[in-house]
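Summary of the model geometry
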Amino acid sequence: MAPSQTQLTTDAFNNWFPHPSPDGKWIAFISFEAGVTGHPANHRVWLRLMPAGGGPIQELASLFGGQGTINVPSWSPDSRQLAFVSYELLWP
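Conventions we followed
- Residues numbered from 1 in each chain as written.
- Predicted model: local features only at pLDDT ≥ 70, side-chain atom pairs only at ≥ 80, totals over all residues.
- Heavy atoms only, no water.
- Helix = DSSP H or I, 4+ residues; strand = E, 2+ residues; numbered from the N terminus.
- Rg over C-alpha atoms; globule rule 2.2 N^0.38 Å.
- Buried < 20%, exposed > 50% of the residue type's maximum accessible area, 1.4 Å probe, protein only.
- Contact = heavy atoms within 4.5 Å.
- Phe/Tyr/Trp six-rings, centres within 6.5 Å; stacked < 30°, edge-to-face > 60°.
- Core = buried A, V, L, I, M, F, W, Y, C linked by side-chain atoms within 4.5 Å.
- Pairing = 2+ DSSP bridges.
- Axes fitted to C-alpha atoms, helices over the stretch in contact; angles between N-to-C directions.
- Polar contact = N/O pair within 3.5 Å; in protein donor to acceptor, adjacent residues only side chain to side chain.

Let's talk about the overall build of the chain
For the chain, the helix and strand inventory stands at zero helices and four strands. Tracing the chain from N to C terminus, the helices and strands come up as β-β-β-β. Taken against the 2.2 N^0.38 rule, which gives 12 Å for 92 residues, the C-alpha radius of gyration of the chain at 14 Å falls within 12% of a compact globule. Counting over 92 residues, the chain shows a buried share of 30%. In the chain, 35% of the contacts between residues at least 6 apart in sequence involve partners at least 24 apart.

In structure tokens, the structure reads:
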């Protein structure tokens, strides 16, 4: 049986890719504007952070990215740092 899913956010964003910190205190995630469908690449997104038990959401960065920004576990082992990817489209 697959694990059940629980919605953690109730804001106006399209939130994806929750990454719990190793110490279990935080959840980092990517937010797209509400009108964006799914979790595509090549969009303006926000890297955000919230307490794992609920509470105020903090904006860590506004960047160009989306799919690929935090696709893999990105926390440092001590839960003090978070790696992410910001990229820019370059047309040939």
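Digging into the packing of aromatic side chains
Here the structure, examined in full by the defined rule, presents three aromatic pairs. Ring centres of Phe-13 and Trp-46 lie 5.3 Å apart, and the angle between their planes is 65 degrees; this geometry places the pair in the edge-to-face category. Remark: Trp-46 occurs in strand 3 (residues 43-51) and Phe-13 occurs in the segment before strand 1 (14-20); sequence separation between them is 33 residues. Take Phe-13: its relative accessible area is 33%, and that puts it in the partly exposed class.

A few points about the environment of Gly-65
If you trace the backbone, Gly-65 turns up in strand 4 (residues 58-65). As for Gly-65 and Thr-6, which are separated by 59 residues in sequence, their C-alpha atoms are 25 Å apart. Setting aside residues up to four positions removed in sequence, Gly-65 forms contacts with Pro-40, Ala-41, Asn-42, His-43, Val-45 and Tyr-87.

Thoughts on the nonpolar core
One recurring pattern in soluble globular proteins is that nonpolar side chains are buried together. Among the nonpolar cores identified, the biggest contains nine residues, and these are Phe-17, Ile-30, Phe-32, Val-36, Val-45, Leu-47, Ala-61, Leu-63 and Ile-70. Listing elements by their share of this core, those giving two or more residues are strand 2 (26-32), strand 3 and strand 4. Here Phe-32 is in contact with Phe-13, Asn-14, Trp-16, Gly-38, His-39, Pro-40, His-43, Val-45, Trp-46, Gly-66 and Gln-67, once residues within four sequence places are set aside.

Here we look at the sheet that holds strand 4
The strand order across the open sheet built from four strands is 1-2-3-4, with neighbouring strands paired in antiparallel fashion. In the strand order of this sheet, the two ends are held by strand 1 and strand 4, each with one partner. For this sheet the average axis-to-axis angle between neighbouring strands, irrespective of direction, equals 25 degrees. Taken together, the seven bridges between strand 3 and strand 4 define a ladder with antiparallel strand orientation. Note that in strand 4 the partner of Trp-46 across the bridge is Ser-62.

Structural notes on the side chain of Thr-9
By the secondary structure assignment, Thr-9 is in the segment before strand 1. On the accessibility criterion, Thr-9 (13% relative accessible area) is buried. Here Asn-15 takes part through its side chain, which lies 2.8 Å from a polar atom of the side chain of Thr-9.

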